[in-house]
Amino acid sequence: MNKIYYLASCDTCRKIIKSLPKNNLVFHDIRQEPLTESEIDEMKSLAGSYEALFSKKAQLYKSLGLKNQELSEEDYKKYLLQHYTFLSRPVFIIGGKIYIGNSQKNINEVISVLQ
């Protein structure tokens, strides 16, 4: 199943979704439906680490002082499960491959895979 994990209230996510060609993605708003441990584990298995899924741009990351700490993979997993803002968005899982974040290169790859 091809899926996008996104935040409906995020302007960047909405802009990216509008730019996508017609597709069969299942949409998962991470605020309305929090990520489960099995979903995070599936993403990690595709991405290689929990850190790869983690957004260091999140306001909460700075306000909790996490940038001054050395986080382990278990820490990253714990924070990803704790609050949706820590997921680097959007995350696409298409054809068993994961695409994380909103870089132009990443979005171009997603668009080309969906066409």
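This text goes with the structure placed above it.
The shown structure was predicted, so the numbers you read here are calculated from the model rather than taken from an experiment.

> Hey, could you run me through the overall build of the protein chain in this one?
Broken down by element type, the protein chain carries five helices and four strands. Listing each helix as α and each strand as β along the protein chain from the N terminus yields β-α-β-α-α-α-β-β-α. For 115 residues, the compact-globule formula gives about 13 Å, and the C-alpha radius of gyration of the protein chain, at 14 Å, lands near that figure. Dimensions of the protein chain, computed from the C-alpha atoms along their principal axes, are close to 40 × 25 × 25 Å. Counting across all 115 residues of the protein chain, residues that qualify as buried make up 43%. Long-range contacts, defined here as pairs at least 24 residues apart, represent 57% of the contacts in the protein chain between residues at least 6 apart. Accessible surface for the protein chain amounts to roughly 6,600 Å². Of this, 46% is attributable to carbon and sulfur atoms.

> Looking at this structure, how should I read the packing of helix H2 (residues 37-47) against helix H4 (residues 73-82)?
What describes two packed helices is the angle between their axes and the distance between those same axes. At a minimum axis separation of 10 Å, H2 and H4 run at an interaxial angle of 130°. One finds that H2 runs oblique with respect to H4. Along this stretch, H2 crosses H4, giving a crossing that reads as right-handed. Side by side, H2 and H4 meet where Glu 37, Ile 40, Asp 41 and Lys 44 of the first sit next to Glu 73, Lys 77, Leu 80 and Leu 81 of the second. Among the residues making up the contact of H2 with H4, the classes are represented as three nonpolar, no polar and five charged.

> Any chance you could explain the environment of Cys 10 here in plain terms?
Structurally, the position occupied by Cys 10 is in the loop between strand S1 (3-6) and helix H1 (11-19). Taking the C-alpha atoms as reference points, Cys 10 and Ser 72, 62 residues apart in sequence, are found 28 Å from one another.

> Sorry, what's going on with the packing of aromatic side chains here?
How two aromatic rings sit relative to each other is set out by the distance from centre to centre and by the angle between their planes. The final tally for this structure, using the stated rule, is five aromatic pairs. Centre to centre, the rings of Tyr 6 and Phe 27 are 5.7 Å apart; their planes meet at 85°, and the pair counts as edge-to-face. Of the two residues, Tyr 6 sits in strand S1 while Phe 27 sits in strand S2 (residues 26-29), which places them 21 residues apart along the sequence. Assessed through its relative accessible area of 37%, Phe 27 is described here as partly exposed. Put simply, the rings of Phe 54, Tyr 61, Tyr 76, Tyr 79 and Phe 86 touch in pairs and so form one group of aromatic residues.

About the cut-offs
- Residues numbered from 1 in each chain as written.
- Predicted model: local features only at pLDDT ≥ 70, side-chain atom pairs only at ≥ 80, totals over all residues.
- Heavy atoms only, no water.
- Helix = DSSP H or I, 4+ residues; strand = E, 2+ residues; numbered from the N terminus.
- Rg over C-alpha atoms; globule rule 2.2 N^0.38 Å.
- Buried < 20%, exposed > 50% of the residue type's maximum accessible area, 1.4 Å probe, protein only.
- Contact = heavy atoms within 4.5 Å.
- Areas by Shrake-Rupley, 256 points an atom, 1.4 Å probe, with all protein chains shown as cover.
- Axes fitted to C-alpha atoms, helices over the stretch in contact; angles between N-to-C directions.
- Parallel < 35°, antiparallel > 145°, perpendicular 65-115°, else oblique.
- Left-handed = near helix turned anticlockwise from the far one by under 90°.
- Nonpolar A, V, L, I, M, F, W, Y, C, P; charged D, E, K, R; others polar.
- Phe/Tyr/Trp six-rings, centres within 6.5 Å; stacked < 30°, edge-to-face > 60°.

Shape is all these values report; function is a separate question.
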